[in-house]
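Commentary on secondary and tertiary structure
Listed here are the chains, written in short residue letters.
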Amino acid sequence: MAQRDPHMTSRGPAAPALKGGGWHRLGNALKTTVLLAGLTALVLVIGQRLGGAQGLAMAGFFAVVMNFGSYWFSDRIALAIHGAQPLPYEQAPWLHEMVERLSARAGMPKPKVYLLPTRQPNAFATGRNPSHAAVAVTAGIVDILDRRELEGVLAHEIGHVRNRDTLIGTVAATLAGIISYAAQMLFWFGGSMLSRGDDEEGGGVAGALSNLGLLLVAPIAATLLQLAVSRSREYGADATGAELCGDPDALASALLKMERAAEAMPYDRAPATSHLFIVNPLHHGGVMSLFSTHPPIPERVRRLREMSARRGGGARARGGWEYAY
């Protein structure tokens, strides 16, 4: 049996490894800093409002620990939240080879491969940098996508790693989840704090209502911060992934199939991490789509179709990082 060329795809020879992307990585570093600062500010405001100077000091300590932990361990946390398990090479050698081939084309080490025990077809990437990255696919993804489409999905996720998007995603997921959880805990068990009265802050019912409003607004504010960094990176990963697999139409087809599946079987485990996935696993329609962490699938498909048309017309396609913004 002839050995397969590691730089061959389902559509023929692979393109040269991608290069560049420095401006995109710099932009992501700045966004990560802004995200950390914004979410940290939320923690400090909640601590000061509920506990005064002592609460502010405790919140500051908690914020330092939280930021350190989210940077170093957010990938493990994201995988653990979804019950992801390492996918043995022997169980799906063709999938591991696909990931290895795409990673080589991206000029980065092969990420670890994980499997999520859910029937909804979806995938996400995590890790603070290409040397500490992982790609996770759901158990249901091979039931609905053919290998050509799955290669497009994996290329998209490796594109996230290549563009340094995964640090933003995992940090946002970890911090937003912690803020939302803390707000819920304080809502149910912080009655004494909510009723704390300070003469300088109004005290009494007005102060309690103000504190309660802060607890209700905090998770929304955390979500809005996620929105600020999530939507644009999906377009960039789509374009980078299309370049890696050499087949924009395959990724477009996969997105359409996965969106229909998400409508039929929403996956609501850990909503704070929904922005990590290639397709929104919650799939809220109507007005709630305005708060989706993902850009509309029709718009993503339109851009991929245009990219495919340019490639078919002989025009040289640009790297995905040039499409990010």
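Residues numbered from 1 in each chain as written. Predicted model: local features only at pLDDT ≥ 70, side-chain atom pairs only at ≥ 80, totals over all residues. Heavy atoms only, no water.

It is worth spelling out the overall build of the chain at this point. In terms of regular secondary structure, the chain is built from nine helices and six strands. Classification of the 325 residues of the chain by burial places 50% in the buried group. The contacts in the chain between residues at least 6 apart in sequence include a share of 72% that link residues at least 24 apart. Total accessible area on the chain stands at roughly 15100 Å², and carbon and sulfur atoms take up 64% of it. (Helix = DSSP H or I, 4+ residues; strand = E, 2+ residues; numbered from the N terminus. Buried < 20%, exposed > 50% of the residue type's maximum accessible area, 1.4 Å probe, protein only. Contact = heavy atoms within 4.5 Å. Areas by Shrake-Rupley, 256 points an atom, 1.4 Å probe, with all protein chains shown as cover.)

With that settled, consider the packing of helix α8 (residues 248–264) against helix α9 (residues 297–312). Running from N to C, α8 and α9 point in directions that differ by 165°, and their axes come no closer than 8 Å. One element, α8, and the other, α9, form an angle in the roughly antiparallel class. Crossing of α8 over α9 shows left-handed handedness. Across from Pro248, Asp249, Leu251, Ala252, Leu255, Leu256 and Glu259 in α8, the residues of α9 making contact are Ile297, Arg300, Val301, Leu304, Arg305, Met307, Ser308 and Arg311. Broken down by class, the residue content of the contact of α8 with α9 amounts to nine nonpolar, one polar and five charged. (Axes fitted to C-alpha atoms, helices over the stretch in contact; angles between N-to-C directions. Parallel < 35°, antiparallel > 145°, perpendicular 65-115°, else oblique. Left-handed = near helix turned anticlockwise from the far one by under 90°. Nonpolar A, V, L, I, M, F, W, Y, C, P; charged D, E, K, R; others polar.)

The feature "active site" (unreviewed entry), as given by UniProt, occupies Glu157 in the numbering adopted here. Within the element layout of this structure, Glu157 appears in helix α4 (residues 147–162). Looking at Glu157, the relative accessible area reads 0%, which means it is buried. The residues contacting Glu157, other than those within four sequence positions of it, are Ala123, Phe124, Ala125, Val135, Leu276 and Ile278. (UniProt positions renumbered as here; feature names shortened; annotations may be inferred.)

Let's shift gears to the sheet that holds strand β3 (residues 85–86). On the basis of which strands lie adjacent, the open sheet formed by four strands has the order β3-β4-β6-β5 and mixed pairing. The strands lining the two open edges of the sheet, one partner per strand, are β3 and β5 (123–127). Both β3 and strand β4 (residues 112–116) contribute to a ladder of two bridges, which runs antiparallel. Of the residues in β4, the one forming a bridge with Pro86 is Tyr114. (Pairing = 2+ DSSP bridges.)

Let us now look at the pattern of salt bridges. Where charged atoms from two side chains of opposite charge come close, those side chains can pair. Tallied over the full model, the rule gives eleven salt bridges. Note that Glu151 and Arg101 form a salt bridge whose closest N and O atoms lie 3.1 Å from each other. Within this pair, whereas Glu151 is found in helix α4, its partner Arg101 is found in helix α2 (residues 93–106), the two being separated by 50 residues in sequence. Considered together, Glu151 and Arg101 belong to a single accessibility category, that of buried residues. Linking Glu234 and Arg300 is a salt bridge whose minimum nitrogen-to-oxygen distance equals 3.4 Å. In this pair, Glu234 is assigned in helix α7 (residues 204–245) and Arg300 in helix α9, connecting sequence segments 66 residues apart. Both residues of the pair, Glu234 and Arg300, belong to the buried class. (Salt bridge = Lys/Arg side-chain N within 4 Å of Asp/Glu carboxyl O.)

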